Amino acid sequence: MNFELNENQKMFQDMVRDFANQEIAPLAHQMDVEGDMPEELIDKMRQNGFFGLTFPEEHGGMGVDTLTYGLVIEQLSKASAGVSVMLTVHNSVGSYPVALFGSEEVKKRYLPRMAAGEIAAFCVTEPGAGSDAASLVTTATKDGDSYLLNGSKCFVTSGSRAAFYVVVARTPGTVGHKDTHAFIVERDTSGLSVAKKEDKMGLRASDTVTIDFEDVRVPAGNLLGAEGEGLRVALTALDAGRIGIAFQALGIGQACLEESIKYAKVREQFGKPISAQPTIRNMIADMGTSLEAARMLSYHACWLKDNDRPFTKEAAMAKVTATEAAWKAADTAVQIHGGYGFCKEYAVERYYRDVRVTRIYEGTSEIQRLVIARKLLAEY
Ligand SMILES: Cc1cc2nc3c(=O)[nH]c(=O)nc-3n(C[C@H](O)[C@H](O)[C@H](O)COP(=O)(O)OP(=O)(O)OC[C@H]3O[C@@H](n4cnc5c(N)ncnc54)[C@H](O)[C@@H]3O)c2cc1C
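These numbers were taken from a predicted model, which means no experiment stands behind them.

1. Structural notes on the domain arrangement of the chain
Here the chain is described as being made up of domain 1 (7–115), domain 2 (120–228) and domain 3 (232–379). Here domain 1 and domain 2 have C-alpha centroids that lie 22 Å from each other. Taken residue by residue, the interface counts 28 residues in domain 1 and 20 residues in domain 2. Here domain 1 and domain 2 share 2 salt bridges between them. Residues Arg161 and Glu39 are paired through a salt bridge, measuring 3.1 Å at the closest nitrogen-oxygen approach. Linking domain 1 to domain 2 there are 10 residue pairs in polar contact (both at pLDDT 80 or more).

Structure below.
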């Protein structure tokens, strides 16, 4: 076993750490308060190639391995999880279905534009279809050489900024997994509109919106995968997406640990720094240990994916472990900061809110456990 990062991975980690410290961290509080992200920051991330990280080089991307991608997401998440969610959705579920299941023509048409920074979004969730994605009701009606999409998708990350949407819809009158179809849909298509923007607890820099489809005509050539395979395409993309969310949680958790150590060393009570109190030291030890355990699971999931091994179970294990470790780290960080941790002047207050959703999106913790149990019960 080799736990050493290679030169390329270290280079990306250092480069993104510097970028996040210089360009994102100073804006994080303001973005959180305003519930928005400056376009100039997105442009800088475009210039640095962040939107093409996972894309094949032949399509204008950087073609980095999964661990490098994870390290990038971790560094970005330490500065702002609102920024990192846009990039992780774009580099995984928003584009991966195109890279993996699109025709050669579709790949040539869309991947270079996505790699250059035209944002990709993922539309599966509906008001009545969350964890049970197979209960989606948005329809795709075949009409000659195209499909007409009708329905509504909610909780779409980057939905108001996106240029492209991966959308899963079904043949009218059908139920279940079968007869679902995945498409890549362009923003400017007539009948597609951005509706309600969510006013969220955390990740406030990122926009989360409803997208309405009213007779949206999509060429049959924009199908991703075969007809009837829509949910398979989406679930395959989510397996990879979950690794990104594990690293997002690791980044937030690591930021909680570092802020807590910094604070505990300078905050004095009873005549000495609180870091001298055994209880506080235990808290710090537990935070660090849980995050490190989650990091190892996350690295392992990357290794499996990069070596073309099955990784569904391990990605779910990484996500559930990392998001729960980070959630506990955020709670402990607020506790270590005492009353100040409850105030917006301290970043841990934001981490505490931002981390919450990592146990919900791209499959809740309960759904991850269903996935893990199903795999384990089949294995033994
Ligand atoms: C900020 C944010 C961004 C998001 N971005 C996207 C996006 O870009 N694209 C997209 O398509 N979706 C997105 N989502 C949606 C997200 O993936 C869903 O919220 C999530 O899958 C859960 O669905 P739900 O909210 O409908 O909850 P529900 O499915 O209604 O679940 C409610 C509760 O019931 C539990 N539950 C449900 N079924 C079971 C079961 N069988 N066994 C045990 N417990 C169960 C759940 O774990 C949960 O605790 C986003 C959500 C948020 C909040």
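There is more to say, and it comes next.
2. Observations concerning the packing of helix H7 (residues 230–266) against helix H8 (residues 278–306)
Where H7 meets H8, the axes come as close as 10 Å, and the angle between the chain directions of the two elements is 155°. By the angle class used here, H7 and H8 are roughly antiparallel. Classified by chirality, the crossing of H8 by H7 is left-handed. Residues Ala240, Ile243, Ala246, Phe247, Leu250, Gly253, Gln254, Cys256, Leu257, Ser260, Ile261 and Ala264 of H7 lie in contact with H8, whose contacting residues are Ile280, Ile284, Met287, Gly288, Leu291, Ala294, Arg295, Ser298, Tyr299, Ala301, Cys302 and Lys305.

3. A word on helix H2 (residues 39–47)
Among the residues of H2, Leu41, Ile42 and Met45 are the ones counted as buried. Seen end-on, H2 carries its buried residues on one side only, within an arc spanning 100°. Within H2, the exposed residues directed more than 90 degrees away from the buried face are Glu40 and Gln47. Just downstream of H2 lies Gly49, where phi reads positive at about 80°.

4. Regarding the environment of Phe311
Of note, Phe311 is situated in the loop between H8 and helix H9 (312–336). As a C-alpha pair, Phe311 and Ile24 span 287 residues in sequence and 32 Å in three-dimensional space. Every residue in contact with Phe311, bar those within four places of it in the chain, is listed here: Asp239, Ala240, Ile243, Ala301, Leu304 and Lys305.

5. Quick notes on the pairing of strand E5 (residues 180–186)
Counting buried positions along E5 yields 6 of 7 residues, so the element is predominantly enclosed. Relative to E5, strand E4 (residues 164–170) is paired through 7 bridges, and the arrangement is antiparallel. Counted as the bridge partner of Phe164 is Glu186 from E5. Bridge count between E5 and strand E8 (residues 223–224): 2 bridges; the pairing is antiparallel. Its bridge partner being in E8, Ala182 is matched across the sheet by Leu224.

6. Structural notes on the packing of aromatic side chains
Tallied over the full model, the rule gives 6 aromatic pairs. Consider the rings of Tyr263 and Tyr346, whose centres lie 6.0 Å apart with planes at 85°: the pair is edge-to-face. Here Tyr263 is found in helix H7, whereas its partner Tyr346 is found in the loop between H9 and helix H10 (347–354), with 83 residues between them in sequence. On the accessibility criterion, Tyr263 (10% relative accessible area) is buried. We classify Tyr346 as partly exposed; its relative accessible area is 27%.

7. Brief notes about the pattern of salt bridges
A full pass over the atoms with the stated rule returns 29 salt bridges. When the shortest N-O distance is used, the salt bridge between Lys262 and Glu259 registers 3.2 Å. Of this pair, Lys262 and Glu259 both sit in helix H7, 3 residues apart, which is roughly one turn of the helix. Judged by its relative accessible area of 22%, Glu259 is partly exposed. A salt bridge links Glu292 to Arg295; its shortest N-O distance comes to 2.9 Å. Here Arg295 and Glu292 lie together in helix H8, a separation of 3 residues that amounts to about one turn.

Cut-off values and rules
Residues numbered from 1 in each chain as written. Predicted model: local features only at pLDDT ≥ 70, side-chain atom pairs only at ≥ 80, totals over all residues. Heavy atoms only, no water. Domains from an automatic or database assignment. Contact = heavy atoms within 4.5 Å. Salt bridge = Lys/Arg side-chain N within 4 Å of Asp/Glu carboxyl O. Polar contact = N/O pair within 3.5 Å; in protein donor to acceptor, adjacent residues only side chain to side chain. Axes fitted to C-alpha atoms, helices over the stretch in contact; angles between N-to-C directions. Helix = DSSP H or I, 4+ residues; strand = E, 2+ residues; numbered from the N terminus. Parallel < 35°, antiparallel > 145°, perpendicular 65-115°, else oblique. Left-handed = near helix turned anticlockwise from the far one by under 90°. Buried < 20%, exposed > 50% of the residue type's maximum accessible area, 1.4 Å probe, protein only. Arc of directions from axis to C-beta. Pairing = 2+ DSSP bridges. Phe/Tyr/Trp six-rings, centres within 6.5 Å; stacked < 30°, edge-to-face > 60°.

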